[in-house]
Every structure is written in structure tokens, then in C-alpha cells.
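What follows is the residue order along each chain.
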Amino acid sequence: MPRPIIEPFRIKMVEPIRMTTPAERARILGDARYNLFGVRAEDVIVDLLTDSGTGAMSAEQWAAMMRGDESYAGARSWFRFEETARSLTGMPFVVPTHQGRAAERILCSVMGLEGGVVLSNGLFDTTRANVEAAGARGIDLGLPGALDAHRPFGGGFDLEALGRELSEHAPRVRFVVATVTNNTLGGQAVSLENLRASAALCRKAGVPIFLDACRFAENAWAVRRDEPAERGRPLLSIAREMFDLCDGFTMSAKKDAIVNIGGALGVRDAALAARIREELVRTEGFPTYGGLAGRDLEAVAQGLHEVLDEAYLEYRFAASAYLARELEAAGWPVIRAVAAHAVYVDAGAALPHLSPDDLPGQTLVCAMYLAGGVRTCEIGNLMFGSQGTRKQLVRFALPRRVYTQSHVDYVGAVARDVAAVARRLPAMRVVEEPPSLRHFTAAMAPAAPFPEIPA
Ligand code: F0G
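In this convention, every chain numbers its residues from 1, walking through the sequence in written order. Note on the predicted model: pLDDT of at least 70 is required for a residue's local features to be given, and 80 or more for side-chain atom pairs to be given and counted; whole-chain, interface and lining totals, by contrast, use all residues. Based on all heavy atoms of the structure, the side-chain values leave hydrogens and waters out of the count.

Digging into the site of the ligand
One heavy atom within 4 Å of a molecule or strand makes the whole residue count as near it. Taken together, 17 residues form the shell around the ligand, and within it Thr 50, Arg 101, Asp 212, Ser 252 and Lys 255 come nearest. Polar contacts here mean pairs of N or O atoms no more than 3.5 Å apart (in protein, one a potential hydrogen donor and the other a potential acceptor; neighbouring residues in sequence count only if both atoms are side-chain atoms). One of the backbone N or O atoms of Gly 100 is found 2.9 Å from an oxygen atom in the ligand. One nitrogen or oxygen atom from the side chain of Lys 255 is found 3.0 Å from a nitrogen atom belonging to the ligand. In isolation the ligand offers 470 Å² of accessible surface; the protein chains occlude 93% of this area. Strands here mean DSSP runs of E at least two residues long; helices mean DSSP runs of H or I at least four residues long; both are numbered from the N terminus. With 3 residues, the single largest contributor to the shell around the ligand is helix 4 (residues 100-110). Its residues placed into classes, the shell around the ligand shows 2 nonpolar, 8 polar and 7 charged. In this description, accessible areas are obtained by the Shrake-Rupley approach with a 1.4 Å probe, and a residue is regarded as covered only by the protein chains that are shown. Side-chain classes are defined by residue name, with Ala, Val, Leu, Ile, Met, Phe, Trp, Tyr, Cys and Pro counting as nonpolar, Asp, Glu, Lys and Arg as charged, and the others, Gly among them, as polar.

Here is the structure:
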């Protein structure tokens, strides 16, 4: 018997979870008008809404926070952040931002996007919104059928399409975004081979390529494990090559820097860096603190060191694979992507009595909450509106270093109980919605009452 992969942490600070009853949860969900973003966190038993900003910081990170230098300009904490970010990414110019979308907004505002297009293997929603707000169109060029195929590196670019779009739209393509890992396509990784080829196409076309580096460490681990030519290569060297292939990066530090708030933007070009600093001063803060406190810069710097620990990444991939097996054993069709930060369930396939406009993803989200206080997130027609043949997914995202195997076992058991009543789960209807980003605040109601879900 192979030994189980051990979680390379022990716990020395705890937070109690408040247990709720099915009757309480029915009332709470009704009060939140069936929108889980409206439920108080303390009314959730296991919170898998997102892996963003929800990680547990290490003792070293908390210690570093106590050392935070809060000087306005030239703080010691800034130099620690800058040195870490520069040596990891090789980018000569790096600035802190309060989170990833601030970096995206600044980049989009200095790149002259009006009337242009931005190409990507998969733009995250905030990146797309920033591209559009700056007057350009975002075009996704992920691999066709990426959510259906069982292959590693389903997160990469469709290289043929990228080459075609680069030549067809040549003067209008302002830049290309390589998102690692590809959150909008099941969190799948991008191979170095694909990233090298994409960067080469961009270089040939004279178009800059930026890395959306939120989950760079998880991508590096997938490369090392699953890309034959890279097997066993040091993680730092793989991560560095990912950055080396690009002209700059945006990063939400709330993911792989394992902090609760923070971000960064880095570029190679000095003139571009000057424009970025100008915009940063106007909207985020002086370039040596961005939108952050000195203590936040310390936590990011320390987190960037910790995240490339092999034992940590091995456990993280093992944990999401374990969750995927639990959900599959419960009878739910899981997108068989090799992803670390989340497991995605195909709710459309799981609830065939519901059409995409019946919002089967939201049905499953509500059922997981009613049955066991588990909070997950719909990624389907509620989030994106009725369009195309988008899959109706539910994302079970794993916060970093927060939950143990017993929590995942509990989620598996709740999923089993929900599966037992799957055919009787009702459609969901939107009864009130805002003009945009409706999934955050829309009010919903089930078309018929939810059945009792016995434990
Ligand atoms: N890029 C990707 C790939 C992301 O997943 C996110 C955030 C961002 C950019 C924006 O970063 O939140 O710091 O402004 N994703 C979170 C999620 C919200 O739940 O997947 P941010």
C-alpha cells in the first residue's frame, strides 16, 4: 500500500464552525433569496465559494506582518516585496496593487485599448470587464472541447486560432493574456510547450503577451508532474520560464501568494512602467506601497516563498483529486480536468430534467447548502446569462491550508445525500436582477419547493 500524502502543516490556531440545522438553513437561504452570496459566512459549515483570499496564513507570514514597515515611501517591507517579486519573475519593474483586478485595470488603462482586441486562452471575468471598460473586445481562444477531453494541459491556447487571429486582426490586437491556470476552463494548467509556442506567435506578430499569474505555482507543479520534457525540473525554474516568456504579468496575490488581500503588476518595458506608476499613484497609492499596507507586502513576499514548496503543492493536488473522487463516488459528473484550486461538477449533465435556463447549477448550489451548509458557486447561465452552449457548472473551490480531510469527507457525504434526490430537485428562477454582474445580487426562487434531503 502506498503511504498517503501527508498534509505538510500542523494546526496551531483554530476558528470554530457554527453548526446549523436543515430548518435553520431553509430559513437562511429563503432570507438570502436563494443567492449564496447573500448568506452570512458564519451560517456556512464548509465554505467552498472561492480559493481567493480565503487561505490560512502561516506562522512565518503572521510574524512577517508584525515586522511590517508602514512608512509612506521606501518602506523596508516594500524592498522585501520588490526583491522577492523581481527574483521570482525576472521583471525589472514591479508594483503592488490591492488585488488582481486593480493590476488589470491599470494595465488596460495604459495600453490604449480603444477599438482594439485582446486575445486569451481564457479571460477571467474581471479581466474581460476591464478590457471592455477600456474600449476593447476580449476574445477567448481556449482549446476546443477543453472541458470534455481527459487530457493534461486542457488550459492552453488553441495555437491555430491564435495564429489566425493574430494575423487577421494584426494591428488591432493590443495584447494577449495567458491565464495560468485557466480558471474559466475548469482550472486546467497550460503546458510550457503551449506557452512557448503562444509567446513565439506573439513575438512574430509584434504583440505583447502578459501572464495572468494568479495560480502560477499550481501551473508550475502541473508542468513538472505531467509534461514529459519537464519532469523533475525545479519548480522555481519552471515558474521563472513562464514569466520569462512574457512581457509582463498581472497577479492576484489572493491565490498563490496565500494572502487575504494583495496583488501585483510587473513589466519589462521602462516606458510602460512609468505610465503604470503614474496611474498607480492616481488610483492605488505611491509606488512603494500600491494599495497595500507594509504588513500586507510582507505577507505576500513570504507567501511567494512558501507556495513553491513541493510538499505543499503535492498535497494541494492530492486534496483536489480526493474531493473529485468523493464527488464522483457520490454520483456527480465531474469535469475530469487536472486542476488544483477547484473541482467542477457538470450540473447540466447531472440534472437532465432541467434545461440550462432552469439554472441547474444554482439548483445544485442551493441543494448543497440546504442539505449540509456547504457553499459552492454556480458558473453557468446565472453568471453569464443565456448564451451559446456553455456548460452549467458548479465550482467547489478549495481554500489553501484551511480544510482537512474530514471536511472533504463531509462534503462528499452531503453530495451523496443530494444525489439521492437529484431527479426531484426543482428549477430555479431569477425574480429580480441588477443590470450587470447579476450572480452577486440577483434574487431567485425555486419553481417548486425543494424536497426534503435526508442525511
Ligand atoms: N484572474 C484570475 C484567473 C482569477 O481567478 C481572478 C480572481 C482574478 C484574475 C482577479 O483577482 O480577485 O484579486 O481581483 N478569481 C476569484 C475566483 C475571484 O473566485 O476565482 P482579484
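After presenting the structure, the write-up continues.
Some details on the layout of surface pockets
Taken as a whole, the second largest pocket spans an internal volume of roughly 1,400 Å³. Contributing to the lining of the second largest pocket are 38 residues, with Met 13, Glu 15, Ala 56, Arg 401 and Val 402 lying nearest its centre. A per-class count over the lining of the second largest pocket returns 19 nonpolar, 8 polar and 11 charged. In this document the domain limits rely on a domain assignment from an automatic tool or a database. Here the lining of the second largest pocket spans two domains, since at least three of its residues come from each of domain 1 (22-51 + 309-446) and domain 2 (59-306). With a 1 Å grid spanning the protein atoms alone, the term cavity applies to any set of points in which a 1.4 Å probe fits but cannot get out, the term pocket to an open set with protein on both sides within 12 Å along at least five of seven lines, and the term lining residue to any residue with an atom within 4 Å of a point. Grid points are joined across faces, edges and corners, and a volume is the space filled by probe spheres set on the points.

Description of the pairing of strand 8 (residues 263-267)
Buried means the residue's accessible area, taken with a 1.4 Å probe over protein chains only, is under 20% of the maximum for its type, while exposed means over 50%, and partly exposed covers the values in between. Strand 8 sits mainly inside the fold: 5 of its 5 residues count as buried. Side chains Gly 263, Leu 265 and Val 267 project from strand 8 onto one buried face, and the interleaved Ala 264 and Gly 266 project onto a second face that is buried too. Alignment of strand 2 (residues 93-97) against strand 8, held across 5 bridges, turns out to be antiparallel. Pairing of Thr 97 across the sheet is with Gly 263, part of strand 8. Only strands that DSSP links by at least two bridges are regarded as paired with each other.

Some thoughts on the pairing of strand 12 (residues 393-397)
Burial analysis of strand 12 places 5 of its 5 residues in the buried class, which makes it a mostly covered element. Neither face of strand 12 is exposed, since Leu 393, Arg 395 and Ala 397 on one face and Val 394 and Phe 396 on the opposite face are all buried. Sheet topology note: the strand 11 (residues 377-379)/strand 12 ladder contains 3 bridges and is antiparallel. When the sheet's bridge partners are listed, Glu 378 is paired in strand 12 with Val 394.

Notes on the pattern of salt bridges
Where side chains of opposite charge bring their charged atoms close, a pairing between them can arise. Every case where a carboxyl oxygen of Asp or Glu lies within 4 Å of a side-chain nitrogen of Lys or Arg is listed as a salt bridge. Summed over the entire model, instances satisfying the criterion amount to 29 salt bridges. The salt bridge partner of Glu 70 is Arg 295, with a shortest N-O separation of 3.3 Å. In this pair, Glu 70 is assigned in the loop between helix 2 (59-66) and helix 3 (76-89) and Arg 295 in helix 11 (residues 294-306), connecting sequence segments 225 residues apart. According to the relative accessible area criterion, Glu 70 is partly exposed, its value standing at 42%. When the shortest N-O distance is used, the salt bridge between Glu 310 and Arg 224 registers 3.4 Å. Of the two residues, Glu 310 sits in helix 12 (residues 310-329) while Arg 224 sits in helix 8 (residues 216-226), which places them 86 residues apart along the sequence. Bridged by salt links that share partners, the residues Asp 51, Arg 215, Glu 218, Asp 256, Arg 316 and Arg 400 form one connected network.

Describing the environment of Ile 238
Following the sequence through the fold, Ile 238 ends up in helix 9 (residues 235-244). For this analysis, residues touch if any pair of their heavy atoms sits within 4.5 Å. Dropping the residues within four chain positions of it, Ile 238 is found in contact with Leu 192, Ala 220, Val 223, Arg 224, Glu 230 and Arg 233.

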